[in-house]
Amino acid sequence: MDSPRTSAWLIGAVLLIDLAILPWTAHTFDVSVFLAHTDAVFFAHVPPRTSWALGGIMLVVMLLSQFPVLVNVQVWNNLPVRTFLFKLPVFCADLASAAIIRALSGERSAANSWALRYLIDPIVFYVTIFHGQYDALPNMFALAGIGLAIAGRYELAAVALGFGTGTKFYPAAFVPLLTVVAFRHGGVKRALAALGFFAAATAATMLPIVWGKADIFTSELDFYSYGSGGNHVSSSSLWSLVPNAALFPRLEQIVAVGVPLLLAAWELRHRSNARDIARAAMLTAISSFILNPGNHPPLFIWAAGPLVLYAAIADDGLVSLLGIVLSSTAVLIQFCQEDSREYLSLAFGPSPPFAFLRCYAPPVALQFVALVCVVALVAAAFRPSESRRWANVSRNAAGLVALAVFVLFSASIAAGIAAAVPTRGHSTFASMEKNIDTVAIAASRTGTGQCVLSYKAYDAVFFAGNEFAARYANASLGYTLYSPELLTIRGEPTPTKALPSASHNVEIVSINQGLFHITREFDITAKLFPFQIEERMTERPCTLIPGTPLLIYRFDMDAARSALSRSSLADRLKSFARTIETP
Amino acid sequence: MLRLIESKSATIVVVVVLIGIALGAALIADVVARNVADDEIQKMAKAAVPAPPAPQTLADVAAFESSPDEKSWAVLHGDLLTGPGSLYVTSRIVNVLAKHDLPTPLVNAVAADLWTNDSLDALRSVRQMNVAASRYRTAREARVAERTSRLAWLLLAMRTSDVINVIDLTQMDLRAGGDSVGQGMNVNNVDFSGSKLQGGSWKGANITGTIFNGVHLTSRLTCTDCFWKDFLVNGTLVLSNGRWTAP
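The rules behind the values
- Residues numbered from 1 in each chain as written.
- Chains lettered and ligands numbered in written order.
- Predicted model: local features only at pLDDT ≥ 70, side-chain atom pairs only at ≥ 80, totals over all residues.
- Heavy atoms only, no water.
- Helix = DSSP H or I, 4+ residues; strand = E, 2+ residues; numbered from the N terminus.
- Rg over C-alpha atoms; globule rule 2.2 N^0.38 Å.
- Buried < 20%, exposed > 50% of the residue type's maximum accessible area, 1.4 Å probe, protein only.
- Contact = heavy atoms within 4.5 Å.
- Areas by Shrake-Rupley, 256 points an atom, 1.4 Å probe, with all protein chains shown as cover.
- Lys, Arg positive; Asp, Glu negative; His and termini not counted.
- Charge placed at Lys NZ, Arg CZ, Asp CG, Glu CD.
- Salt bridge = Lys/Arg side-chain N within 4 Å of Asp/Glu carboxyl O.
- Expected span 1.5 Å × (residues − 1).
- Polar contact = N/O pair within 3.5 Å; in protein donor to acceptor, adjacent residues only side chain to side chain.
- Pairing = 2+ DSSP bridges.
- Axes fitted to C-alpha atoms, helices over the stretch in contact; angles between N-to-C directions.
- Parallel < 35°, antiparallel > 145°, perpendicular 65-115°, else oblique.
- Nonpolar A, V, L, I, M, F, W, Y, C, P; charged D, E, K, R; others polar.
- Phe/Tyr/Trp six-rings, centres within 6.5 Å; stacked < 30°, edge-to-face > 60°.
- Lys NZ or Arg CZ within 6 Å of the ring centre and 35° of its normal.
- Patch = residues over 30% accessible without salt bridge, like charges linked within 9 Å, V, L, I, M, F, W, Y side chains within 5 Å.

### Digging into the overall build of chain A
Tallying secondary structure elements over chain A gives 24 helices and 10 strands in all. For a compact globule of 583 residues, the expected C-alpha radius of gyration is about 25 Å, and chain A comes in at 26 Å, within 12% of that figure. For chain A, the spread of C-alpha atoms along the three principal axes comes to 85 × 55 × 50 Å. Here chain A, with 583 residues, has 58% of them falling under the buried criterion. Considering only contacts in chain A between residues 6 or more positions apart, those separated by 24 or more positions represent 78%. Carbon and sulfur atoms provide 66% of the accessible area of chain A, an area that totals close to 22,400 Å². Across chain A, the 41 positively charged side chains and the 37 negatively charged ones have centroids separated by 5 Å.

### Some remarks on the pattern of salt bridges
Residue and element names in this part refer to chain A. Under the counting rule described, the total for this entry stands at 26 salt bridges over all chains. For the salt bridge of Lys-456 with Glu-534, the shortest nitrogen-to-oxygen distance reads 4.0 Å. Taken together, the positions of Lys-456 in strand 3 (residues 452-456) and Glu-534 in strand 9 (residues 534-540) put the pair 78 residues apart, joining distant regions of the chain. Lys-527 is paired through a salt bridge with Glu-492; the nearest N and O atoms lie 2.9 Å apart.

### Here we look at helix 16 (residues 317-337) of chain A
Residue and element names in this part refer to chain A. In a regular helix each residue adds 1.5 Å, so 21 residues correspond to 30 Å; helix 16 covers 30 Å between its end C-alpha atoms and thus fits that length. The buried count for helix 16 comes to 16 of 21 residues, which makes it a mostly enclosed element. Sitting at the head of helix 16, Asp-316 places a side-chain oxygen 3.0 Å from the backbone nitrogen of Leu-318.

### So, the sheet that holds strand 6 (residues 216-217) of chain B
Residues and elements named next belong to chain B. Taken in spatial order, the 3 strands line up as 2-4-6 in an open sheet, and their pairing is parallel. The two strands at the open ends of the sheet, each matched to only one other strand, are strand 2 (173-174) and strand 6. Note that strand 2 and strand 4 (residues 196-197) share 2 bridges and pair parallel. If you follow Leu-174 over to strand 4, its bridge partner there is Leu-197.

### Looking at the side chain of Glu433(A)
All names here are of chain A. Relative to the assigned elements, Glu-433 resides in helix 20 (residues 429-436). On the basis of relative accessible area, Glu-433 is assigned to the buried category, the value being 3%. In contact with Glu-433, other than residues within four places in its own chain, are Ala-36, Asp-39, Trp-76, Met-557 and Arg-561.

### Focus: the packing of helix 13 (residues 249-266) of chain A against helix 14 (residues 274-290) of chain A
Residue and element names in this part refer to chain A. Running from N to C, helix 13 and helix 14 point in directions that differ by 170 degrees, and their axes come no closer than 9 Å. Of the possible angle classes, the one that applies to helix 13 and helix 14 is roughly antiparallel. Counting all contacts with helix 13, which are made through Ala-256, Val-259, Pro-260 and Leu-263, the residues of helix 14 involved are Ala-280, Leu-283, Thr-284 and Ser-287. Of the residues contributing to the contact of helix 13 with helix 14, the split by class is 6 nonpolar, 2 polar and no charged.

### A closer look at the sheet that holds strand 9 (residues 243-245) of chain B
Residue and element names in this part refer to chain B. Read across the open sheet, the 4 strands follow the order 5-7-8-9; overall the sheet is mixed. Whereas interior strands pair on both sides, the edge strands pair on one side only; in this sheet they are strand 5 (200-203) and strand 9. Across the sheet, the mean angle from the axis of one strand to that of its neighbour is 35 degrees, orientation sign disregarded. Pairing geometry for strand 8 (residues 231-240) and strand 9, over 3 bridges, is antiparallel. Across the sheet, residue Leu-239 finds its bridge partner in strand 9, namely Trp-244.

### A look at the environment of Arg341(A)
Residues and elements named next belong to chain A. Mapping Arg-341 onto the fold places it in the loop between helix 16 and helix 17 (345-348). In the structure, Arg-341 is positioned 171 residues away from Tyr-170 in sequence and 30 Å away in space, judged by C-alpha atoms. Excluding its chain neighbours within four sequence positions, the residues that come into contact with Arg-341 are Ser-351, Pro-352 and Pro-353.

### Remarks on unusual backbone geometry
All names here are of chain A. Cis geometry is found at the peptide bond from Phe-529 to Pro-530, where omega equals -5 degrees. Positionally, Pro-530 belongs in the loop between helix 22 (525-528) and strand 9. Following Arg-540, the chain continues into Pro-541 via a peptide bond in cis, with omega recorded as -10 degrees. Structurally, the position occupied by Pro-541 is in the loop between strand 9 and strand 10 (550-555). A positive phi angle, close to 55 degrees, is found at His-45, a residue other than glycine.

### Observations concerning the packing of aromatic side chains
Residues and elements named next belong to chain A. Enumeration according to the criterion identifies 37 aromatic pairs over all chains in this entry. Both rings, one in Tyr-126 and one in Tyr-343, keep their centres 6.2 Å apart while their planes meet at 65 degrees; by these two values the pair is edge-to-face. On the criterion of sequence distance, the pair formed by Tyr-126 in helix 7 (residues 122-131) and Tyr-343 in the loop between helix 16 and helix 17 is long-range, its members being 217 residues apart. For Tyr-126, a relative accessible area of 0% corresponds to the buried category. By relative accessible area, Tyr-343 is classed as buried at 1%. Ring geometry for Phe-130 versus Phe-354: centroids 5.3 Å apart, planes at 65 degrees, classification edge-to-face. Taken together, the residues span a long stretch of sequence, with Phe-130 in helix 7 and Phe-354 in the loop between helix 17 and helix 18 (363-381) at a distance of 224 residues. Across this residue pair, the class does not change: Phe-130 and Phe-354 are buried. An aromatic cluster is present here, built from Phe-125, Tyr-126, Phe-130, Phe-335, Tyr-343, Phe-354, Phe-406 and Phe-409 joined pairwise through their rings. Note that Arg-561 overlies the ring of Trp-76, its terminal NZ or CZ placed 3.3 Å from the centroid.

### Digging into the pairing of strand 8 of chain B
Residue and element names in this part refer to chain B. Relative to strand 8, strand 7 (residues 221-228) is paired through 6 bridges, and the arrangement is antiparallel. Bridge assignment links Trp-228 to a residue of strand 8, and that residue is Phe-231. Here strand 7 folds back onto strand 8 in antiparallel fashion, the turn holding 2 residues, of which Lys-229 has a positive phi close to 50 degrees. In sequence, strand 8 turns back onto strand 9 through a hairpin of 2 residues, with Asn-241 there showing a positive phi of about 50 degrees.

### Let's talk about a nonpolar patch on the surface
All names here are of chain A. There is a patch of nonpolar side chains on the surface, built from Phe-183, Val-188, Leu-192, Leu-195 and Leu-268 and spanning about 430 Å² of accessible area. Take the nonpolar patch: its biggest share by element is 3 residues, from helix 11 (residues 188-210). If you trace the backbone, Leu-192 turns up in helix 11.

### Quick look at helix 10 (residues 175-186) of chain A
Think of an α-helix as turning once every 3.6 residues; residues three or four places apart then point the same way. All names here are of chain A. Taking 1.5 Å per residue as the helical rise, helix 10 with its 12 residues ought to reach 16 Å, and the 15 Å between its terminal C-alpha atoms agrees with that figure. All buried positions along helix 10 are accounted for by Val-175, Leu-177, Leu-178, Thr-179, Val-180, Val-181 and Ala-182. The elements touched by buried residues of helix 10 are helix 8 (136-150), helix 9 (154-168), helix 11, helix 13 and helix 14. Among the residues trailing helix 10, Gly-187 stands out with phi positive, at a value near 90 degrees.

Set out below in structure tokens:
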């Protein structure tokens, strides 16, 4: 592995393995949500920023990745092709990250082996190649920002971090460090310039998304950080090891934000060199996810880039080795939280789980390993430099361990895929998309006897005000247990008995994450047309089961797609252009 | 050379310290994991022995018994959501529903809470009351049988499609229940043996493992587009001599 030539060959082999796996595995729910979002833009003419609570760059890249589906509509249900296209940008982003690490490597003869070390990091391989999450993109911008800061190009570094923030927020954690480094090396003007460039790049990529819907945006972030009750601490956050941690998730988030500020302030003491900057960046990255109460295992990838970059600059095999342990722990925690069968159903339909990708230890024990690893990383990063010979030995040892883990992991995945091939059925994407295109809103009650029902869907009702999409949408009221009543909808008294109805036995999740059992639905599409974001109606007598009746909107994506597939490519492209121009 | 030795020594010290920390952490993790496991076992053991109902819950049940309305139910609803299930409390609530003509929305709300709190206890209590009432011929007992029959169907409607546990609804009078009976319901592994059932047309029900030995039907019972072992059976089936057959 030490020879640049051997490392280069290994990089080639790893990339081939990555490309071979790309189409076949993906996290069913996460990837379906993103694909359904692109379908809504292409086939329902929904403005892209509707229901989007992440960065603008991620949105653009994701839409571009799925553009072939708009050109050839028949591809929509070819999930291996769509998954491959979906993951391709992040695969390329990882390549760019590896190139940045290679360029900044302290020991030139080991540059290729450090690039390889990044590409075979268990969490990088898991998130980008296996799971299909877009964190490699902000990672690439974060690494570019750190690298440019090391090179003294503070303004460009700020732009890179701004783009990273405009992809998935967290690269903003490096801005205090960049500002301090720019201040110590270039003075106040350059520090302020860096801040200005960062603000401009962030605004350019985020404002088009956030403008006019900041409240929805913050409530989404709140939900992902603290859960629906505002008191959730993820079992993959280190805070979960603290008794009663769920009582103070906001305080914990402040600590997660405070650590990068302290690390930046610590760099005020001197003119930081490359190693100092990379070390502070690595610790910033680690604290920003592991102390985040809403952390989940794939976010461990945030540390992978800065960690390997530091290890490459410092030529530190021990940090590299600890990084592999931390990344592997994250992957193991993930398989304790979720069954691995989640990863095959898009390409193969319902499939057995991967034989070797399962929970091997209690999550709390894995959390302790992560904690020890982080403590050890801090200690290792601050120890004196090693001799050249010792550095070679430790780097090679870490590289070999990483390679062994990669071989085990990729072989397990290959075995799982091979086992799923003979039983290949229909992809679960179509049914997932139907669920995703179902928006259920729980009733909020006011008025005398609590009989006035209010429904507010924010922009989740993406066809409200969208003439094309509204044609393929329907609205219904869903009851857990129904009793005859008189509804007044938009001022018109309507006995429910007069409405078309259907009996069901379904579980529906409302947009505020409540789970409702629905046994009967009444179609009120005609009553609610044209659709609105907010509805109020009254009922006599009142339903007493909390949250019910649900107001359920369903969008028939199949019908919309069929209608659109009959139009010419030029018309589809024109519609798409109009859609993305819609504010 | 001295620097090399210093550097090597420092690395060795760091590695030794790390191994020490790792071993310590593994020990702590093991102890914590064991404690967690012990806690889980204790919780399970506690769950196996039903906890007595809280005094406040008993007071709220008594209030609902003396005045069964929305107000008294709202209070009891809170107790049921937060407290453990109890056959004693459940049977008293079922008793109220069996003996009073309450507004349908209130009955629905109580049924939904009974199901959430302890579905098996609720169905057990409903069955006991229904079977006891069915043995008598008085008008009052007939009304109890009718109300508990409706309640049984409401509880069955709450049964989600993935549930397969065995439910004993034998020897009951289940003729009352309205239009929603058998509509999309999951009656998988429900035993109706010896019960009286209303005829009619069920639709979209999961009839896997449903037992109809010796049922008394008021008229022909059919099942259209129903499910058997996760498969949709296209067309209509007819219940004949306790078995579903194609007409």
